[in-house]
Amino acid sequence: MDYSKFISKLSSRRKPSCISELRRALDNCSPSLVWLASGMPNPEKFPFREMTVTLEGGKKLTLSKETLSAGLQYGPSHGYLPFRNQLKRMVEQWHAPPRWAESDLIVTVGNQDGISKALDMLLDPEDFIVVPDPCYSDFLCMLSSLAPQIVAVSVDDQGMRPDILQSALEKAISSGSTGIPKALYLVPNSCNPTGTNMGEERRQEIYAIAQQYDLIILEDDPYCFLQFNDKYLPSFLSMDVDGRVLRFDSFSKVVSSGLRIGFVTGPPPLLQGITLHMQASCICPPMLSQVLIHELLTSWGDEGFKKHISDICQFYKEQRDAMIQALKTHLTGICEWIVPEGGIFVWLKNPHVMQPCNPWNYVLQHFIRAVAAS
Amino acid sequence: MKYSRFLTQVSRNRQPSLIREMTNLLAQASPELVFMAGGLPNAQMFPFQAGSITLKDGRALTIHPKLMMDCLQYGPTPGYPPLVKQLKDLTQQLHSPPRWAEMDLIVTAGSQDGLCKALEMMISPGDYVVTQEPCYTGTLSILKPYKPRYLPISGDQNGMCPEALKAALSKWKPEEVQDTEKDVPKDFPPSFLSMDVDCRVIRFDSFSKILSSGLRIGYVTGPKPLVERIVLHAQVSLLHAPAMSQVLVSELLKLWGDEGFFKHTDAVQAFYLDQRNAMLEAAEKHLSDLCEWAVPTGGMFLWLKVPKIHDTWDMILERALTKNVILVPGKAFMCDSSKPCQYMRAAFSIVSPENMDKGCKNLAELIREEMVLQESNASSD
């Protein structure tokens, strides 16, 4: 695939830093090389010496001197190497991407930062981006600042409707805009906010349309492990024969949200645009966070990870059941809802209320009043 | 001051994330409030329960389960509240900004992320940017995609020359020139923040050189309307600086108190002073007839000029490896990368005194060979 047409004008002007070019010299250098290049602070003056964390169940993980050292120093912009390798093995195992040899993976400061930088990389203001309607509100916030052309596609109980998607794209193309439809964003599992899962056949239909119109698919999948019925639907990455999927994974719902660790898998030319922006901004994802998760996953092994996911699903399933019970008790006849098969959200419809003015202002005012009164 | 003229259209377009704003309000709400707005994962299911960090002085920071929850859960975008308070107190103590009441502070994922968001807030393609020259490569990386029109200001040992700055800006008419003098009884030179009577300074602080670079913790202080734009950008991108990192820094500062903190920074200063002295000794021994330099009064870099070499770029990128020494060619720090540059930057932060000697010796050989090469290229032209 030719990726150059997808890159925004701004992103196309990003260049690797001179220092990162110099670092290549470290790959095959002699042990006598005297490195005076990067402004790395001396870790001898970092005040932390040892770190131990206690896991659920009481097991203790002590970071070795080298590992803690790695956690406290600048690292590579695309992620701590042992951690990246671990994640690559997991992605290959879970998704068996058809073009795995031509794919790569980078660690980001939370999955949302990866998405934000992907949008910066892809969109010029005249370009089109396809979103489901309704859509994750923070994603709409990102778009509101970039102000591209938005193609909003209505959803049903499986997510984006292919027929509406097709006609919306036709309309966009014949609109006379100088921009092109570049990307399609979706949350295929336990969609935020509707809680719906997109079935396998629907995914194939959407992929086919993306092929037809040559779109990049932004697969935002933070709830993939929070599925209650042990049914894992094939990801867009697993059906990506063209190399057009950027997949955004998150540890926020299964390990920790505060550590700010996510990862992106996809074609190297697209990951490069995100990495260069990271180089210029946060320099690298938080090293201590990466080190901790790497140590945790190593300590668990595949079995331990599966067990943890199973425990989480059981927990959130009980939460869902309790929520549905409360809804039935108090809101039957007032609201409608679909029972979610995963995730953490229920999408409620109140068919009786007509929207007065700006619904967000209305809700926020009531919320603020409730907080102020308490 | 009116700030709207400094903002790009993209920055002006930013709206608060409703979910983030609601989550921020949670901090003030009554325990009776049933909060079902933010998609917060249940922290009970996070696998880390507690932790302990031993410091180099033997003392320990304990992360008990409640504190571990703060490390692992989503937090407010401006920063972990105890740390924000500590940093505000520290800033007020060190700088006494004249317009402190109109300023705000945000914790960022390293100071460079703050810098990146501040520049992205203000720069549109083709805008004029005033920088000192040479300029930190990280800043140039941020600016490059915007194809700015640089106004590079030459400097001397004290940095940017005011006359050069005035000359560069002379094509525009200022309404008035502000001359401020402030008597600040401090051991280090007064910051721009400390003399900011107009509220026109955005200050970027970092813990990377004194506590840890890998934790990714820095902070930005500046006028409320501008910090707010950075907060809004952070809200929809990284959400907030890594929480465990913020908690660790906060607990450490709490354990140390002011006295412990300044004792540590004094120790860091003394260490880098020794490193600098060792570097100067090595440079004087091997490079005094080949290079010129000013003695750095802080930091970790030696800025070397090689008057007999036309451009250090190829010498370093193509030939330095064979001499087992690498430093950064000066061109990387120049706004106009098409011009030759005779400078190089050597970092003396991590290298041992023994290796400094070896490195400078190797560098001397490299330069001498380059001079011969330059000579033969010139005569064959």
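Below: a short report on this structure.

### Structural notes on the pattern of salt bridges
All names here are of chain A.
Thinking step 1. Taken as a whole and judged by the stated rule, the model has 37 salt bridges over all chains.
Thinking step 2. Notably, a salt bridge pairs aspartate 124 with lysine 9, separated by 3.7 Å at the nearest N-O pair. On the criterion of sequence distance, the pair formed by aspartate 124 in the loop between α5 (111–122) and β5 (128–133) and lysine 9 in helix α1 (residues 9–12) is long-range, its members being 115 residues apart.
Thinking step 3. Since its relative accessible area comes to 11%, aspartate 124 is described here as buried.

### Examining a nonpolar patch on the surface
Thinking step 1. On the surface, Tyr128, Val130, Met160, Leu169 and Trp172 of chain B cluster together to form a nonpolar patch covering roughly 390 Å² of accessible area.
Thinking step 2. For tyrosine 128 of chain B, a relative accessible area of 36% puts it in the partly exposed group.

### Re the sheet that holds strand β3 (residues 103–108) of chain B
All names here are of chain B.
Thinking step 1. An order of β3-β9-β8 is seen for the three strands of this open sheet, with the pairing classed as antiparallel. Each edge of the open sheet is held by one strand with a lone partner, namely β3 and β8 (203–206). Direction aside, neighbouring strands of the sheet carry axes that sit 20 degrees apart on average.
Thinking step 2. Of the pairings in the sheet, the one linking β3 to strand β9 (residues 218–223) comprises six bridges and is antiparallel in character.

### Notes on the side chain of arginine 216 of chain B
Thinking step 1. The residue arginine 216 of chain B is located in the loop between β8 and β9 in this model.
Thinking step 2. Lacking a salt bridge, the buried arginine 216 of chain B has aspartate 113 of chain B as its closest oppositely charged neighbour, with an N-O distance of 8.0 Å.
Thinking step 3. Contacts of arginine 216 of chain B, omitting those with residues within four sequence positions, involve Tyr74, Cys282, Ile283, Cys284, Pro285 and Pro286 of chain A together with Thr108, Ala109, Gly110, Ser208 and Pro242 of chain B.

### Focus: empty space enclosed by the protein
All names here are of chain A.
Thinking step 1. Per the stated rule, a full pass over the model turns up seven cavities of 30 Å³ or more.
Thinking step 2. Space inside the largest cavity adds up to approximately 100 Å³.
Thinking step 3. Around the largest cavity, the lining comprises 14 residues; the ones closest to its centre are Gly159, Met160, Val187, Cys191 and Met198.

### Considerations on the pairing of strand β11 (residues 301–305) of chain B
All names here are of chain B.
Thinking step 1. Along β11, the buried face is formed by Leu302 and Leu304; none of Phe301, Trp303 and Lys305, which line the opposite face, is buried.
Thinking step 2. Here two bridges tie strand β10 (residues 292–293) to β11, and the two strands are oriented antiparallel to one another. Paired with tryptophan 293 across the two strands is leucine 304, which belongs to β11.
Thinking step 3. Here β11 runs beside strand β14 (residues 343–347); their pairing, made up of five bridges, is antiparallel. Looking at β14, one finds that leucine 302 is bridged to alanine 346.

### A closer look at the nonpolar core
Thinking step 1. With 138 residues, the main nonpolar core has Phe139, Leu218, Leu246 and Phe251 of chain A together with Phe48, Phe207 and Met244 of chain B as its most contacted residues.
Thinking step 2. Top element by residues in this core is helix α10 (residues 287–331) of chain A. It accounts for 14 residues.
Thinking step 3. By size, the runner-up hydrophobic cluster in this structure holds 39 residues, among which are Ala282, Leu304, Ile309 and Leu327 of chain B.

### Details of helix α3 (residues 65–72) of chain B
For an α-helix, 3.6 residues make a turn, and residues three or four places apart therefore share a direction.
Thinking step 1. Along α3 of chain B, the residues classified as buried are Leu67, Met68, Cys71 and Leu72 of chain B. Projection of α3 of chain B onto a plane perpendicular to its axis shows the buried side chains occupying an angular sector of 140 degrees, all on one side.

### Focus: the packing of aromatic side chains
All names here are of chain A.
Thinking step 1. According to the stated counting rule, one finds 15 aromatic pairs over all chains in the structure shown.
Thinking step 2. Between the aromatic rings of tryptophan 94 and phenylalanine 225, the centroid separation amounts to 5.0 Å while the plane-to-plane angle is 75 degrees, which identifies the pairing as edge-to-face. Taken as a pair, tryptophan 94 in helix α4 (residues 81–95) and phenylalanine 225 in the loop between β9 (216–220) and β10 (245–250) lie far apart in primary sequence, 131 residues in all.
Thinking step 3. Look at phenylalanine 225 and you get buried, because its relative accessible area is 11%.

### As for the pairing of strand β8 (residues 181–186) of chain A
Residues and elements named next belong to chain A.
Thinking step 1. Among the six residues in β8, six count as buried, and that is most of the element.
Thinking step 2. Where β8 lies against β9, four bridges are found, and the strand directions are parallel. Bridge pairing in β9 links alanine 183 to isoleucine 216.
Thinking step 3. For the handedness criterion, the β-α-β arrangement of β8, helix α8 (residues 200–212) and β9 is classed as right-handed.

### Looking at the packing of helix α3 (residues 65–72) of chain A against α10 of chain A
Residues and elements named next belong to chain A.
Thinking step 1. In contact at an axis separation of 6 Å, α3 and α10 are set at 140 degrees when each is read in the N-to-C sense. Contacts between α3 and α10 involve Thr67, Leu68, Ala70 and Gly71 from the first element and Met287, Leu288, Val291 and Glu295 from the second.
Thinking step 2. A class-by-class count of the residues in the contact of α3 with α10 yields five nonpolar, two polar and one charged.

### Focus: the interface of chain A and chain B
Thinking step 1. Each partner contributes residues to the interface: chain A has 92 residues there, and chain B has 103 residues.
Thinking step 2. Taken over both partners, the interface formed by chain A and chain B buries close to 8300 Å², and the fraction arising from carbon and sulfur atoms is 66%.
Thinking step 3. Broken down residue by residue, the surface that chain A buries against chain B is led by Leu36, Lys45 and Phe48 of chain A, which jointly contribute 9%.
Thinking step 4. Counting every contact that joins chain A to chain B gives zero salt bridges.
Thinking step 5. Where chain A packs against chain B, one counts 47 residue pairs in polar contact (both at pLDDT 80 or more).
Thinking step 6. Sheet analysis places strand β2 (residues 48–55) of chain A next to strand β1 (residues 48–55) of chain B, joined by seven bridges and oriented antiparallel.

### Details of the environment of serine 170 of chain B
Thinking step 1. Along the chain, serine 170 of chain B falls in the loop between α7 (162–169) and β8.
Thinking step 2. At a separation of 2.6 Å, a polar atom in the side chain of serine 170 of chain B contacts the main-chain carbonyl oxygen of alanine 167 of chain B.

### A closer look at the side chain of aspartate 220 of chain A
Residues and elements named next belong to chain A.
Thinking step 1. Summarising the element assignment, aspartate 220 is placed in strand β9.
Thinking step 2. Within the buried core, aspartate 220 has no salt-bridge partner, and the shortest N-O distance to an opposite charge, that of lysine 253, equals 8.5 Å.
Thinking step 3. A polar contact of 2.6 Å, which involves the side chain of aspartate 220, links it to the side chain of tyrosine 185.
Thinking step 4. Excluding residues within four positions of it along the chain, aspartate 220 makes contact with Asn111, Ile115, Tyr185, Leu186, Val187, Pro188 and Phe248.

The rules behind these values
- Residues numbered from 1 in each chain as written.
- Chains lettered and ligands numbered in written order.
- Predicted model: local features only at pLDDT ≥ 70, side-chain atom pairs only at ≥ 80, totals over all residues.
- Heavy atoms only, no water.
- Salt bridge = Lys/Arg side-chain N within 4 Å of Asp/Glu carboxyl O.
- Helix = DSSP H or I, 4+ residues; strand = E, 2+ residues; numbered from the N terminus.
- Buried < 20%, exposed > 50% of the residue type's maximum accessible area, 1.4 Å probe, protein only.
- Patch = residues over 30% accessible without salt bridge, like charges linked within 9 Å, V, L, I, M, F, W, Y side chains within 5 Å.
- Areas by Shrake-Rupley, 256 points an atom, 1.4 Å probe, with all protein chains shown as cover.
- Pairing = 2+ DSSP bridges.
- Axes fitted to C-alpha atoms, helices over the stretch in contact; angles between N-to-C directions.
- Lys, Arg positive; Asp, Glu negative; His and termini not counted.
- Contact = heavy atoms within 4.5 Å.
- 1 Å grid on protein atoms, 1.4 Å probe; cavity = no way out; pocket = protein on both sides within 12 Å on 5 of 7 lines; lining within 4 Å.
- Points joined across faces, edges and corners; volume = space filled by probe spheres on them.
- Core = buried A, V, L, I, M, F, W, Y, C linked by side-chain atoms within 4.5 Å.
- Arc of directions from axis to C-beta.
- Phe/Tyr/Trp six-rings, centres within 6.5 Å; stacked < 30°, edge-to-face > 60°.
- Right-handed = clockwise from strand over helix to strand, strands pointing away.
- Nonpolar A, V, L, I, M, F, W, Y, C, P; charged D, E, K, R; others polar.
- Buried area = accessible area lost by both parts, 1.4 Å probe.
- Polar contact = N/O pair within 3.5 Å; in protein donor to acceptor, adjacent residues only side chain to side chain.

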